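A look at the structure
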Amino acid sequence: MTHPIKKIAIIGVGVMGSGIAQIAAQSGHITYLYDAKAGAAQQAKQQLAITFQKLLDKNKITTEYADAANANLLIANELHDLKDCDLIVEAIVERLDIKQSLMSQLEAIVPETTILASNTSSLSITAIASNCKHPERVAGYHFFNPVPLMKVVEVIQGLKTDPKHIETLNQLSRVLGHRPVVAKDTPGFIINHAGRAYGTEALKILNENVTDISEIDRILRDGVGFRMGPFELMDLTGLDVSHPVMESIYHQYYEEARYRPNSLTKQMLEAKQLGRKVGQGFYDYRTGSKTGETSAKVAERLTLYPKVWIAADFEDDKQLLINYLTTHNIQLDVGAKPQADSLCLLACYGEDTTHAALRLNVNPAHSVAIDMLYGIEKHRTLMPSLITEVTYSHAAHSIFNLDGAMVSTIGESIGFVAQRILAMVINLGCDIAQQAIASVDDINAAVRLGLGYPFGPIEWGDEIGSNKILLILNRITALTSDPRYRPSPWLQRRVALNLPLTFTT
Ligand SMILES: NC(=O)c1ccc[n+]([C@@H]2O[C@H](COP(=O)([O-])OP(=O)(O)OC[C@H]3O[C@@H](n4cnc5c(N)ncnc54)[C@H](O)[C@@H]3O)[C@@H](O)[C@H]2O)c1
């Protein structure tokens, strides 16, 4: 791939700057290292030499490759040494005034053709460029930690950025081995924006006392396939990082309900219960490993099971349940209305059991709802109503544990755990597309590579069934009146026209 970037400068060679310098030098670019702290650039170069030696020891690179990468790294003692660089990437302290002043200083040194890029996570590129004589040369170039392993980079188009520079950065990214995703200069860009649903909705579920943290983590990790549950993830990232991001995006979008943070993480932050790094977060790590996890409940086998009457929003769910129940010799009640002592199994979407039972005109005391959004192969979530008799909730738990699969029984929630989280993730992805912050392909790739979700949010909606996602959101909105759950017009129109969510004109 051809691109005009030969010489790159990295300003600020801390965690991020060193990582960017590593991939720049490894891909054959002359890479200058500059840092305001005396000796920091030299130290970063030495540290990178150790990194290359480790890669050599593991046979991941050759001696020639390591020598070339080392030779590509040059120390700049003053900003003036960067005068003939084609690209300068700043990864200095996250302060708008300091970044603005650096950009103005650089403009006085480099030719007009030099691209000035910022690795900022949370500041506006347009604001960083606002004091520049040529704001069209300023772009965002947002890498993720650790840079060599996180193979995605957000290329941010400020209000005045020249599109030809975006194209150049795209091409360079591919040479660096990263997938570029182009985003408009908006709060959180793509990845920190799309990532707002997972943690905030999990916190809201916890706040509503639906179930405990390990059960929520288990449902999302083992049932849905997220690499980590939301509480495990927040413990790993640290609340000193994740809580301020939640607050910042919420405020930058003028208190948009979709991003609403939670007072629980604020309080934990105040108590310095930040997560793994301090030994205590949502879980306890003080013994050296994770504790405080509750284990999945194993049901006792019953000698007698009630007949099961099924109501389902979707016919395919009903069929799956009938197959499971008949395979395990559970008698079905196939009447139009349930018999007086039947267990009413409600495969509902976006409701709690109380509301589903009342809508269907069946006895809430004999009702248990089941989440069918992700099928019943790996994991099952059951939800008795507030007044479900214990014999019925035990029977349901036991029936769905007959083949040894994991079963979570949760308290009443308007929409189950997986339904709420997935509907929020997908809806947020759709809204990012609706705002034309990025293309559908880039949103999907950014979320897969940057957040590690099994699918991008928009392709995920098609995979699960966008009509199911819309039903969840519509029902939750109707029952809670919370604008947080209102469906994006992107989702509404495509479901109405029976088009895939990935459809664009
Ligand atoms: N750490 C992350 O996970 C992460 C991820 C993506 C983006 N970012 C962004 O990258 C930037 C750097 O973050 P970091 O975590 O690498 O920080 P860091 O503290 O590890 O490194 C910053 C470096 O910049 C130097 N520096 C500070 N002010 C300077 C100046 N005026 N001129 C030259 N050098 C200066 C410091 O001496 C330090 O070496 C920030 O804008 C941050 O928002 C961080």
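It should be emphasised that the depicted structure is a prediction, and the values quoted were computed from it without experimental measurement. (Residues numbered from 1 in each chain as written. Predicted model: local features only at pLDDT ≥ 70, side-chain atom pairs only at ≥ 80, totals over all residues. Heavy atoms only, no water.)

Take the domain arrangement of the protein next. Partitioning the protein into structural domains gives domain 1 (7-185) and domain 2 (308-409). When each unit is reduced to the centre of its C-alpha atoms, the spacing between domain 1 and domain 2 is 55 Å. (Domains from an automatic or database assignment.)

This next bit is on helix H12 (residues 263-270). Owing to its 3.6 residues per turn, the α-helix aligns residues three or four sequence positions apart on the same side. Regarding H12, its N-cap is Asn262, as a side-chain oxygen of that residue lies 2.9 Å from the backbone nitrogen of Leu264 further along. Lys272 lies just past H12 and shows a positive phi near 60°. (Polar contact = N/O pair within 3.5 Å; in protein donor to acceptor, adjacent residues only side chain to side chain. Helix = DSSP H or I, 4+ residues; strand = E, 2+ residues; numbered from the N terminus.)

Sequence positions flagged by UniProt for "domain: 3-hydroxyacyl-CoA dehydrogenase C-terminal" (unreviewed entry) are, in local numbering, residues 188-285 and 415-497. Helix and strand shares over residues 188-285 are 59% and 0% respectively, and the end C-alpha atoms of the span are 30 Å apart. With 73% helix and 0% strand, residues 415-497 has its two end C-alpha atoms placed 25 Å apart. (UniProt positions renumbered as here; feature names shortened; annotations may be inferred.)

This part takes up unusual backbone geometry. Across residues other than glycine, the phi torsion is negative in most instances, and most of the peptide bonds are trans. Residue Pro146 follows Asn145 across a cis peptide bond; omega there is -5°. Relative to the assigned elements, Pro146 resides in the loop between strand E6 (138-142) and strand E7 (152-157). For Phe189, which is not glycine, the phi dihedral falls at a positive 50°. Checked against the element boundaries, Phe189 lands in the loop between strand E8 (179-184) and helix H7 (191-194). With phi around 55°, Ala436 is a residue other than glycine that occupies positive phi space. Within the fold, Ala436 resides in the loop between helix H16 (417-434) and helix H17 (440-451).

With respect to the helices and strands, the residue Ser367 is situated in strand E11 (residues 367-370). For Ser367, the contacting residues outside a window of four places in its chain are Cys344, Leu346, Thr353, Ala357, Val362, Pro384, Ser385 and Thr388. (Contact = heavy atoms within 4.5 Å.)

For the rest of this paragraph, the subject is the layout of surface pockets. A water-sized probe, rolled over the atoms, reveals where empty space remains. Looking at the largest pocket, its volume works out to about 1,600 Å³. Lining the largest pocket are 47 residues, and of these Phe144, Asn145, Asn192, Thr237 and Val241 sit closest to its centre. Residue assignment for the lining of the largest pocket shows that the elements contributing at least two residues are H7, helix H8 (196-207), helix H10 (230-237), helix H11 (239-252) and H17. Residue contributions to the lining of the largest pocket peak at 8 residues, all from H11. By residue class, the composition of the lining of the largest pocket is 24 nonpolar, 17 polar and 6 charged. Taken as a whole, the second largest pocket holds about 430 Å³ of empty space. Mapped onto the lining of the second largest pocket, the elements with two or more residues apiece are helix H1 (15-26) and helix H2 (40-57). (1 Å grid on protein atoms, 1.4 Å probe; cavity = no way out; pocket = protein on both sides within 12 Å on 5 of 7 lines; lining within 4 Å. Points joined across faces, edges and corners; volume = space filled by probe spheres on them. Nonpolar A, V, L, I, M, F, W, Y, C, P; charged D, E, K, R; others polar.)

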